[in-house]
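Here is how the chains run, residue by residue.
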Amino acid sequence: MDEILINKYRSNRLVPESKHGRWISGSGEAGVVSVVIPTYNREVYVIDALESVFAQDYRPIEVLVVDDSSTDDTEDVVRRWIELHAEERLFSAHYCKQVNSGAPAARNYGAIQSIGEFIQFLDSDDVLLPHKIGNAVALLRSGSADYVYCRAQFVDGQLNRLNDYFGQPETGTPDDVVTYLWQTMCPLFFREMLAEAGPWREGLINSQDWEYGARMPLLGFRAHYDSEVGAFFRIHHQGTMGSGELDVPKLFSIFSAYHSIGMLAQQLGVLGQVLKQRLFKRLLLTALQLGARDSWSDATRVLAAICELRLCRQPGRWLLQSFFRLKPGVCCRILEKKLLGNGSKG
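Since we're looking at a predicted model, the values are computed, not measured. (Residues numbered from 1 in each chain as written. Predicted model: local features only at pLDDT ≥ 70, side-chain atom pairs only at ≥ 80, totals over all residues. Heavy atoms only, no water.)

Colleague: Honestly, the overall build of the protein chain in this entry has me stumped. Any pointers?
Modeller: Along the protein chain, the regular secondary structure elements total 13 helices and nine strands. Relative to the compact-globule value of 20 Å for 346 residues, the protein chain shows a C-alpha radius of gyration of 21 Å, a close match. Considering the protein chain as a whole, with its 346 residues, one finds that 52% of them fall into the buried category. Long-range contacts, defined as pairs at least 24 residues apart, comprise 80% of the intrachain contacts of the protein chain with a sequence gap of at least 6. Approximately 15400 Å² of the protein chain is accessible, and the part contributed by carbon and sulfur atoms is 51%. (Helix = DSSP H or I, 4+ residues; strand = E, 2+ residues; numbered from the N terminus. Rg over C-alpha atoms; globule rule 2.2 N^0.38 Å. Buried < 20%, exposed > 50% of the residue type's maximum accessible area, 1.4 Å probe, protein only. Contact = heavy atoms within 4.5 Å. Areas by Shrake-Rupley, 256 points an atom, 1.4 Å probe, with all protein chains shown as cover.)

Colleague: For this particular structure, what's the right way to read the packing of aromatic side chains?
Modeller: As enumerated under the stated definition, the model contains 17 aromatic pairs in all. For the pair phenylalanine 54 and phenylalanine 91, a centre-to-centre distance of 5.1 Å together with 85° between the ring planes defines the contact as edge-to-face. Here phenylalanine 54, found in helix 2 (residues 46-54), pairs with phenylalanine 91, found in strand 3 (residues 91-97); they are 37 residues apart in sequence, far enough to count as distant. Classification of phenylalanine 54 by relative accessible area gives partly exposed; the value is 22%. Ring plane angle 40° and centroid distance 5.3 Å describe the contact between tyrosine 149 and tyrosine 225, whose orientation is recorded as tilted. Remark: tyrosine 225 occurs in strand 9 (residues 223-234) and tyrosine 149 occurs in strand 6 (residues 147-155); sequence separation between them is 76 residues. On the basis of relative accessible area, tyrosine 149 is assigned to the buried category, the value being 1%. (Phe/Tyr/Trp six-rings, centres within 6.5 Å; stacked < 30°, edge-to-face > 60°.)

Colleague: Can you walk me through unusual backbone geometry in this structure?
Modeller: A cis geometry characterises the amide bond from arginine 59 onward to proline 60, with omega recorded as 5°. Mapped onto the elements, proline 60 comes out in the loop between helix 2 and strand 2 (61-67). Within the chain, leucine 159 stands out as a residue other than glycine whose phi angle is a positive 70°. Following the sequence through the fold, leucine 159 ends up in the loop between strand 6 and strand 7 (161-166). Backbone geometry places serine 207, a non-glycine residue, at a positive phi of 60°. You can see serine 207 is positioned in the loop between helix 7 (191-197) and helix 8 (208-218). Overall, serine 207 belongs to the buried group, its relative accessible area being 8%.

Colleague: Would you mind showing me how to read the pairing of strand 9 here?
Modeller: Each regular strand displays side chains that alternate between the two surfaces of the sheet. When strand 5 (residues 127-128) meets strand 9, the two strands line up antiparallel, connected through two bridges. Opposite valine 127, over in strand 9, you have phenylalanine 232 as the bridge partner. (Pairing = 2+ DSSP bridges.)

Colleague: For this particular structure, what's the right way to read the side chain of histidine 131?
Modeller: With respect to the element layout, histidine 131 can be found in the loop between strand 5 and helix 5 (132-142). Residue class for histidine 131 comes out buried when judged on its relative accessible area of 19%. At 3.4 Å, the side chain of histidine 131 forms a polar contact with the side chain of glutamate 228. Setting aside chain neighbours within four positions, we find histidine 131 in contact with Gln56, Asp57, Glu228, Val229 and Gly230. (Polar contact = N/O pair within 3.5 Å; in protein donor to acceptor, adjacent residues only side chain to side chain.)

Colleague: Help me understand the side chain of arginine 234, please; the structure alone is not making it clear to me.
Modeller: Assignment of secondary structure puts arginine 234 in strand 9. A polar side-chain atom of arginine 234 sits 2.8 Å from the main-chain carbonyl oxygen of aspartate 125. Those residues in contact with arginine 234 that lie beyond four places of it in its chain are Tyr45, Asp48, Asp125, Asp126, Val127, Val155, Asp156, Gly157, Gln158 and Leu159.

Colleague: What is the right way to read helix 2 from this model?
Modeller: Think of an α-helix as 3.6 residues a turn; residues three or four steps apart then line up on the same face. When we look at burial in helix 2, the residues that qualify are Val46, Ala49, Leu50, Ser52 and Val53. Seen along its axis, helix 2 keeps its buried residues to an arc of 160°; they face one direction. Tucked inside the fold, the buried residues of helix 2 contact strand 1 (29-39), strand 2, helix 3 (74-84), strand 3 and strand 5. (Arc of directions from axis to C-beta.)

Written out as structure tokens, the structure is:
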């Protein structure tokens, strides 16, 4: 990590706050991996996630399932599983519940309650492969990285493998900030690193892992990419945030994530021209998508952020503001389709 950037991050109060009012310390129990599983109405899939952790070829492990106030049988299903594994050696599992506050708050609560030297986050519909944690611990202990992230393979609802993957190595360029390098289950973190990185940004319903991952290169944390597939990313439509229409709340969450990263880069003094260009394209697409849904007040807020971050020159800012004052919904819908058709996803 970069101590100068971390000191700026803390002294300028750029660290996100948590509803839990605290964050983890840098000390943890040596060798223990804490796996934090946030869940909400996942009675169908959560056991797959738990079994995948139990099947790891690494020990010692503790699992913390944080229930975001499920309304189905998730609690009973998890408690029964924990009871069946209560006598396991070097393996412990715990269930806790929070008032419905979203996955980032659940991850934060689980991390706060954890004891491990290492922390692994795992969404309750995804699974880890048996070697995932062991490989990552070995790589962290043998190298100088602050965290290790693996490749993940897409699978369907029944865990049949699909010919698609998530995860790519860092490039050492500003693209590392704006690119989705990993999904939630891919990294294993040193606890002391997460203590410095701060909590997940609560309130986001989209782009949660992107925002968290984008902080890492900005703060100078060192990553190691493990090209071996270590996890499955399940594609299904049972309550996943990525499923369904990209509506206004989801788009506003995407905007909030990009805006917060832009502000962080600006305050740290690392918002260079290339990163500005990347953020401008993403925020402009989000503004167009909001306009296409007639959410003009939110589109205007995105434009204000573009101006605040000085992501384009003054004439460009004036043209954008003039364009959106006309509320050209049809034009926004056409431009959205054209941009997304060219692969410029927001």
